[in-house]
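In case you want the letters, here they are:
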Amino acid sequence: MHQIERLEEFKKSVTNKFNIYNSLFLNLPYRNVENVGILIPLLLNQCEEGLKSGKNPQQILDIFFHKYANIQTEEEQIDFMFRIIQYVERQVVLYDSVEDAAFPKLHEHTNSLSVKDYFQLVNKNKSWDKIAKKLSSFSARIVLTAHPTQFYTPPILDIIEELKNLILKDSINEIDVVLQQLGLTSLINTKKPTPLDEAKNIIYILRNVYYDAMGSLFSYIKSNIEDDSFNNYNIIKLGFWPGGDRDGNPFVSAEITEQVADELRINLMKCYYNDLKSLRKKLSFKELRPSLNSLRDRLYIAMFDPKKIIHYTDIIEPLLEVRVLLQEKYNSLYLHDLDQLIDKVRIFRTHFATLDIRQDHSKHVLVFQEILKAKGIIKEDLGEKSQQELIEILVHKNFRLSPNDFEDELVRDTLVNVTQLKEIQLKNGEEGCNRYIISNSEDVFSVLIVYGLFRWCGWKSDAITFDIIPLFETMTGMEQAESVMQTLFDLPEYRAHVEQRGNKQTMMLGFSDGTKDGGYLKANWSILKTKEVLSKVCSKNGVQALFFDGRGGPPARGGGKTHRFYAAQTKDIANNEIQLTIQGQTITSTYGTKEQFMHNSEQLLTAGLSNNLFGKENIISKESRKLMEELSDLSFQKYDALKKHEMFISYLENRSTLKYYTKANIGSRPGKRGKKEKLELTDLRAISFVGSWSQLKQNVPGYFGLGTAIQTLKNEGRIKEVKKLYKEVPFFETLMLNSMMSLSKCYFELTSYMKDDPEYGDFWNILHDEYLLSKKMLLEISNSKILMENEAVSRESIKIRESIVLPLLVIQQYALFQISQNSTHKELYEKIVTRSLYGNINASRNSA
């Protein structure tokens, strides 16, 4: 029933409103484009009908140009295609705004478990005692990352917010004006953003959305808990990677890290100042004024001068003093308003979000090697010393290092950064920057080199106020994770460090590179098993395991329905805290408004808290594990064969948008790691890898190998076993549902012309055959007639979004073909491909 009601509401609040407001696009102010708005529906119809009938993009557009648009010259055709792209980009912005406006109404008809529902269940089951302890310490950490698929600039975000508010009021005249503003506002960066620019763009969302949203969410949770003393201000925490993530962006320097830490603190002070300014108008009482005025003045100075430090106690103590006076002398007038500010100060303190530091293990190895060479311990490389000797050096050897003693820029910057982290903690508080993550962790040195660097940069061994977090993201890394952590816990010095950090060990699992490396099912199954093993290792050593999930937007990068994923975790996985990355356009599409942030954060909390408290525990039996293992291995064999196909990299380089990701002024970082001329899969960033498949509408990483794996078991007469697995194991069901989402966003008709390509035809057919097989098998094991059968609203949303960008995608394929033919206008066609990335990325909302 809920699904029918939601679908009706969706048609009323989204489909119908979008169609009405979309008609206003006829008046968008562009030069010489009076007919473009009228021609777009014709072009869409030509694309849909043409692709269904087997025509290729060249045939579709040639017919359209000559029969409908009367555009004869190639130069005029190129100009027209650019204008179509401009229109489509703005149609996507409008659709985003309409969906955002409809969000609250749509979720009146949802089956999702709210915090209020959750506490009613607790009351019904009389389990307050059981959950009180959990509530006092449980938290969800949402870590925002800057990736090259997050490119809505602040002016466009402002327009989306304004449109959303006007759509809620059905103010059609005002909407018309804002759409004209949208038509004249650039959606793209005129130049590549710097890492600092990217950080500022995300801080803009922190300040304008999350500051109020987190305060409201905490008040909402507190009001639904039957415990007046509830004070878990960490129940929702924010993390921040822009400006600290060197692996994600090699252009991040120590200077950038310091600047971003300052930006976070300064913007938080602006939020406090504005709240206090509003509060002072209400708290006009004589005895309160001195404390409020003094705090206001200090905040004002701290807003503009990064060198002026204001500590947490400097903010909270005056507010608490005012609170006492308000209760004693002024009848508690406006106490609720004051408490809301106090709650925010206790949540955000002086840091706003925790700035994480991340670097690839291989870079640390190079730094370590240079240090030992400088100290005369080795001549050329680390291989001259045994593993035990190197451990002894890292744990016991005392060096005093100065960046000025080294010429290598990587070494200098690394040492400057580790040294300055103490200063950042002094300014922003310890929580402002207290996590150091090491990518591609596969051995104990991933953690111990960082431990050694802290010691050698002025940190005392017993006072390293940083969690050192290994990131296991490759198949090898996950296989070695258990022995790595046990070896670390066996070292008295490292175990003492863990104890000093509250006997907690955070370990990160990387879904993106795991999927790129092992395929969808293999990667996700390996991650689940790794979590179970690491939970046992930590438990055995008296350490609380915390898991940090590096999840992207689409299922191929660990995305999909996040709350469903966490609710499906097994009882053998430590469930002390949910930590996950929110990446790319998922920041604005899933957490971009106050309502979305509160709803999706609620879903994270209830998924984590409900796990193992209500209903039966998630246990995967031996038989089911054996079957999962078989399916995992079979799907990996199929995916691995594809990776090793001689055309795999060549197809991505020459038939996809891969190389154009770095040409777009979306993000500041390069599209691949390292500087090798020849592209290798290991160097390819997961974002451009997954995103390129998404632009092709093939979404290979989200399902490839599943069809073959299930078909193999069916051929053995074992399809009932797979159906039972789907029905009884929530984890497997969740993966399959996410794969169905990936499949539903495929549209092989777009590239069907490639099946006859003399160079890539056979490879395209391999992809297409596995797509058809995977779709058929997943429908069979789920007893569904269509993909996403029980998610009608999501299905409808995808359908509309795909329809909006179809002309853009046909233009993109047309341009790619012209480039392959060495057109005399090759440079312009390359610009078309690059520009076409934007609208499609945003329309997909979780494409990379």
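For the structure itself, consult the block above.
These notes cover the structure that comes with them. (Residues numbered from 1 in each chain as written. Predicted model: local features only at pLDDT ≥ 70, side-chain atom pairs only at ≥ 80, totals over all residues. Heavy atoms only, no water.)

### Focus on the overall build of the chain
Item 1. Each helix and strand in the chain was counted, giving 33 helices and nine strands.
Item 2. The C-alpha radius of gyration computed for the chain amounts to 28 Å, which stays within 12% of the reference 29 Å derived for 848 residues, consistent with globular compactness.
Item 3. Restricting the contact set of the chain to residue pairs at least 6 apart, pairs at least 24 apart contribute 81%.
Item 4. Carbon and sulfur atoms provide 48% of the accessible area of the chain, an area that totals close to 33900 Å².
Item 5. Taking the average place of the 109 positive charges on the side chains of the chain and the average place of its 110 negative ones, the gap between the two points comes to 3 Å. (Helix = DSSP H or I, 4+ residues; strand = E, 2+ residues; numbered from the N terminus. Rg over C-alpha atoms; globule rule 2.2 N^0.38 Å. Contact = heavy atoms within 4.5 Å. Areas by Shrake-Rupley, 256 points an atom, 1.4 Å probe, with all protein chains shown as cover. Lys, Arg positive; Asp, Glu negative; His and termini not counted. Charge placed at Lys NZ, Arg CZ, Asp CG, Glu CD.)

### Some details on the environment of leucine 787
Item 1. Here leucine 787 is to be found in the loop between α31 (761–781) and α32 (792–820).
Item 2. Classification of leucine 787 as buried rests on a relative accessible area of 9%.
Item 3. Those residues in contact with leucine 787, other than ones at most four positions away along the chain, are Met740, Leu743, Ser744, Lys775, Leu779 and Arg795. (Buried < 20%, exposed > 50% of the residue type's maximum accessible area, 1.4 Å probe, protein only.)

### As for the pattern of salt bridges
Item 1. In this structure the tally under the stated criterion is 43 salt bridges.
Item 2. Its salt-bridge partner being glutamate 430, residue arginine 501 comes within 3.2 Å of it at the nearest N-O pair. One end of the pair, arginine 501, is in the loop between α19 (492–500) and β7 (504–510); the other, glutamate 430, is in the loop between α16 (409–428) and β5 (435–439), and 71 residues separate them in sequence.
Item 3. By relative accessible area, arginine 501 is classed as buried at 15%.
Item 4. Residue glutamate 430 is classed as partly exposed on the basis of its relative accessible area, which comes to 34%.
Item 5. Ionic pairing is found between aspartate 467 and arginine 501, a salt bridge with its closest N-O pair at 2.7 Å. (Salt bridge = Lys/Arg side-chain N within 4 Å of Asp/Glu carboxyl O.)

### Let's talk about the sheet that holds β7
Item 1. Reading across from one edge, β3-β2-β1-β9-β8-β7-β6-β5-β4 is the order of the nine strands in this open sheet, with parallel pairing throughout. Pairing within the sheet leaves two strands with one partner each, and these edge strands are β3 (354–355) and β4 (357–360).
Item 2. Sheet topology note: the β4/β5 ladder contains four bridges and is parallel. Within β5, the residue paired with arginine 358 across the bridge is isoleucine 437. (Pairing = 2+ DSSP bridges.)

### Some remarks on unusual backbone geometry
Item 1. In this structure, asparagine 503 is a non-glycine residue whose phi angle is positive, near 55 degrees.
Item 2. When you line up the elements, asparagine 503 lands in the loop between α19 and β7.
Item 3. The partly exposed category is assigned to asparagine 503, whose relative accessible area is 24%.
Item 4. Located in the positive-phi region is methionine 788, a residue other than glycine, with phi close to 55 degrees.

### Concerning the packing of aromatic side chains
Item 1. One pass over the full model with this rule turns up 36 aromatic pairs.
Item 2. On the basis of an interplanar angle of 25 degrees and a centroid distance of 6.1 Å, the ring pair of phenylalanine 368 and tryptophan 456 is categorised as stacked. One end of the pair, phenylalanine 368, is in helix α14 (residues 361–374); the other, tryptophan 456, is in helix α17 (residues 445–456), and 88 residues separate them in sequence.
Item 3. Taking relative accessible area as the criterion, phenylalanine 368 reaches 2% and is therefore assigned buried.
Item 4. Seen in terms of ring centroids, tyrosine 591 and phenylalanine 597 are 5.9 Å apart; in terms of plane orientation they differ by 70 degrees. Their pairing is edge-to-face. No difference in accessibility class separates tyrosine 591 from phenylalanine 597, as the two residues are buried.
Item 5. By the ring-pair criterion, three or more aromatic residues cluster together here, those being Phe648, Tyr651, Phe689, Trp693, Tyr760 and Phe763. (Phe/Tyr/Trp six-rings, centres within 6.5 Å; stacked < 30°, edge-to-face > 60°.)

### Observations concerning the packing of helix α2 (residues 36–52) against helix α3 (residues 57–68)
Item 1. Packing of α2 against α3 brings their axes to within 10 Å, and their N-to-C directions diverge by 140 degrees. In terms of their interaxial angle, α2 and α3 are classed as oblique. For the pair α2 and α3, the crossing hand works out as right-handed. Across the interface between the two elements, Leu39, Leu42, Leu43, Gln46, Cys47, Gly50 and Leu51 from α2 touch Ile60, Leu61, Ile63, Phe64 and Tyr68 from α3.
Item 2. Taken together, the residues of the contact of α2 with α3 break down into 10 nonpolar, two polar and no charged. (Axes fitted to C-alpha atoms, helices over the stretch in contact; angles between N-to-C directions. Parallel < 35°, antiparallel > 145°, perpendicular 65-115°, else oblique. Left-handed = near helix turned anticlockwise from the far one by under 90°. Nonpolar A, V, L, I, M, F, W, Y, C, P; charged D, E, K, R; others polar.)

### Focus: helix α18 (residues 475–490)
Since the α-helix advances by 3.6 residues per turn, residues separated by three or four positions end up pointing in the same direction.
Item 1. The terminal C-alpha atoms of α18, which comprises 16 residues, lie 24 Å apart, in line with the 22 Å expected from a rise of 1.5 Å per residue.
Item 2. Residues Met475, Gly477, Met478, Ala481, Val484, Met485, Gln486, Leu488 and Phe489 constitute the buried set of α18. (Expected span 1.5 Å × (residues − 1).)

### Focus: the packing of helix α11 (residues 289–304) against helix α12 (residues 312–329)
Item 1. Following both chains from N to C, one finds α11 and α12 inclined at 160 degrees, their axes separated by 10 Å at the closest point. Comparing the axis directions of α11 and α12 gives the class roughly antiparallel. Considering how the two elements wind past one another, α11 and α12 form a crossing that is left-handed. Touching Ser291, Leu292, Leu295, Arg298 and Leu299 of α11 are Asp314, Ile315, Pro318, Leu319, Glu321 and Val322, all from α12.
Item 2. Here the contact of α11 with α12 is built from residues that sort into seven nonpolar, one polar and three charged.

### Quick notes on the state of the cysteines
Item 1. By the definition in use, this model includes zero disulfides.
Item 2. The thiol of cysteine 47 is not disulfide-bonded; the next cysteine sulfur, from cysteine 746, is found 19 Å away.
Item 3. Left without a disulfide partner, cysteine 457 is nearest to the cysteine sulfur of cysteine 433, which lies 14 Å away. (Disulfide = S-S within 2.5 Å.)

### Digging into the pairing of strand β1 (residues 139–144)
Item 1. Burial analysis of β1 places six of its six residues in the buried class, the great majority of the element.
Item 2. Note: β1 against strand β9 (residues 577–582), six bridges, orientation parallel. The partner of arginine 141 across the bridge, within β9, is glutamine 579.
Item 3. Bridge count for β1 against strand β2 (residues 236–240) is five bridges, and the pairing is parallel. What sits directly across from valine 143, in β2, is glycine 239.

### Some details on the environment of valine 444
Item 1. Here valine 444 shows up in the loop between β5 and α17.
Item 2. Between the C-alpha atoms of valine 444 and lysine 826, which are 382 residues apart in sequence, the distance is 50 Å.
Item 3. Apart from residues lying up to four places away in sequence, valine 444 is in contact with Gln387, Ile391, Val484, Thr487 and Leu488.

### Describing a nonpolar patch on the surface
Item 1. Together, Leu42, Ile63 and Tyr68 line one region of the surface with nonpolar side chains, adding up to about 220 Å² of accessible area.
Item 2. By the element assignment, leucine 42 lies in helix α2. (Patch = residues over 30% accessible without salt bridge, like charges linked within 9 Å, V, L, I, M, F, W, Y side chains within 5 Å.)

In short, shape yes, function no, at least from these values alone.
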